[in-house]
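Observations on chain architecture
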Amino acid sequence: MNIAVFCSGNGSNFQAIVESVKKGTVDAKIALMISDSAEAFALSRAEKEGVKSALIERSDFSSKHEFEAAIIKELDQEDIELICLAGFMRIIGPVLLNKYPNKIINIHPALLPAFKGAHAIGDALRAKAKTTGVTVHFVDKEVDHGPIILQQAVGIKENDTEDSLAQRIHKIEHALYPKAIKLFVEGKIKIKGRKVKIV
Ligand code: GRF
């Protein structure tokens with residue numbers, strides 16, 4: 001199965017996915033990494049790992065529709081069957097969603113539906129939550145909302161800072177995302193409405 005990973009920044013999850021393929025835990029090919037930002041460190045990671053990458057910037061297109069059409073053009077060249085959002089800071093629109101129904105997944109640094117949005121780690125701290133975590137879910141038209149595939153809790157410590165908590169969350173992400181991808185690749189994820197069944 002050919003997988004594309006979408007990144008806007010550091011790309012540590014992209015790296016974890018690449019490692020899981022290299023180790024043979026995930027039987028797939030990371031055929032493409034798409035970034036919407038020239039500054040994304042994920043681009044350097046892709047180059048180092050010999051993964052094909054494409055930089056597609058929203059500002060080069062007059063509409064989201066055209067931006068997503070350009071992404072699809074790249075995806076089509078590689079026969080992509082699964083898209084993994086890994087720190088991709090854009091809302092996926094109908095053009096991509098219709099082309100890849102139930103084939104786009106995302107990782108979020110909180111236990112959804114709690115702490116949606118781009119500041120989930122800080123929000124959990126500020127809310128004085130005792131537990132937060134990581135969610136891997138299908139992407140639908142609402143942000144951080146689609147059917148949940150896997151979740152893992154992460155305890156919040158009394159003296160946690162955003163950095164210390166982020167470190168523990170990222171460590172869990174780097175194990176949980178490959179685990180979810182492996183399930184998808186092996187055809188073990190069945191989805192019925194909002195319910196995801198692991199078979
Ligand atoms: C991760 O915390 C992920 O949950 C969120 O964005 C962050 C991306 O980190 N969606 P990285 O770019 O994979 O290091």
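Higher on the page you've got the structure.
**Structural notes on the sheet that holds strand S6 (residues 131-138)**
The strand order S3-S2-S1-S4-S5-S6-S7 describes an open sheet built from seven strands, whose pairing is mixed. Every interior strand has two partners, whereas the edge strands, strand S3 (53-55) and strand S7 (148-155), have only one. Neighbouring strand axes in the sheet, compared pairwise and without regard to direction, differ in orientation by 20 degrees on average. Two strands pair when backbone bridges link them, and strand S1 (residues 2-7) and strand S2 (residues 29-35) are joined in this way by six bridges, in the parallel orientation. If you follow alanine 4 over to S2, its bridge partner there is leucine 32. Contacting S1, S2, S3 and strand S4 (82-85), helix H3 (residues 64-77) runs over the sheet at an angle of about 160 degrees to S2. Sitting on the sheet, helix H6 (residues 162-185) is in contact with S1, S4, strand S5 (104-108), S6 and S7, with an inclination near 160 degrees to S7.

**Comments concerning unusual backbone geometry**
With omega at 10 degrees, the peptide bond leading from leucine 112 into proline 113 counts as cis. Looking at the element boundaries, proline 113 is found in the loop between S5 and helix H5 (120-126). For phenylalanine 115, which is not glycine, the phi torsion reads 55 degrees and is therefore positive. Topologically, phenylalanine 115 is positioned in the loop between S5 and H5. Owing to a relative accessible area of 22%, phenylalanine 115 belongs among the partly exposed residues under this scheme.

**So, the layout of surface pockets**
As a volume, the largest pocket reaches approximately 930 Å³. Lining of the largest pocket is provided by 38 residues; of these, Gly87, Phe88, Met89, Ile107 and Pro109 occupy positions nearest its centre. Looking at the lining of the largest pocket, the elements that each hand over two or more residues are helix H1 (12-23), S5, H5 and H6. Counting residues per element, the lining of the largest pocket draws most heavily on H6, which supplies five residues. Taken together, the residues that form the lining of the largest pocket break down as 15 nonpolar, 15 polar and eight charged.

**A short note on the pattern of salt bridges**
The final tally for this structure, using the stated rule, is ten salt bridges. Between aspartate 36 and arginine 90 there is a salt bridge, with the nearest N and O atoms lying 2.7 Å from each other. Taken as a pair, aspartate 36 in the loop between S2 and helix H2 (41-49) and arginine 90 in the loop between S4 and helix H4 (94-99) lie far apart in primary sequence, 54 residues in all. When its relative accessible area of 30% is taken as the criterion, arginine 90 is described as partly exposed. A salt bridge links aspartate 123 to arginine 126; the nearest nitrogen and oxygen atoms lie 2.9 Å apart. Linking aspartate 123 with arginine 126, this pair stays in helix H5, spanning three residues, or about one helical turn. We classify aspartate 123 as partly exposed; its relative accessible area is 26%. Among the residues examined, arginine 126 registers a relative accessible area of 53% and is labelled exposed.

**What about the packing of H1 against H2?**
Helix-helix packing: each pair is described by the crossing angle between the helix axes and the interaxial distance. It is the contact of H1 with H2, at a shortest axis distance of 9 Å, that shows an interaxial angle of 20 degrees. On the basis of their axis angle, the class for H1 and H2 is roughly parallel. Seen along the crossing, H1 lies across H2 with a hand that is right-handed. Contacts between H1 and H2 involve Ser12, Phe14, Gln15, Val18, Glu19 and Lys22 on the former and, on the latter, Ala42, Arg45, Ala46 and Glu49. Per-class residue counts for the contact of H1 with H2 are four nonpolar, two polar and four charged.

Quick notes on the rules
- Residues numbered from 1 in each chain as written.
- Predicted model: local features only at pLDDT ≥ 70, side-chain atom pairs only at ≥ 80, totals over all residues.
- Heavy atoms only, no water.
- Pairing = 2+ DSSP bridges.
- Helix = DSSP H or I, 4+ residues; strand = E, 2+ residues; numbered from the N terminus.
- Axes fitted to C-alpha atoms, helices over the stretch in contact; angles between N-to-C directions.
- Contact = heavy atoms within 4.5 Å.
- Buried < 20%, exposed > 50% of the residue type's maximum accessible area, 1.4 Å probe, protein only.
- 1 Å grid on protein atoms, 1.4 Å probe; cavity = no way out; pocket = protein on both sides within 12 Å on 5 of 7 lines; lining within 4 Å.
- Points joined across faces, edges and corners; volume = space filled by probe spheres on them.
- Nonpolar A, V, L, I, M, F, W, Y, C, P; charged D, E, K, R; others polar.
- Salt bridge = Lys/Arg side-chain N within 4 Å of Asp/Glu carboxyl O.
- Parallel < 35°, antiparallel > 145°, perpendicular 65-115°, else oblique.
- Left-handed = near helix turned anticlockwise from the far one by under 90°.

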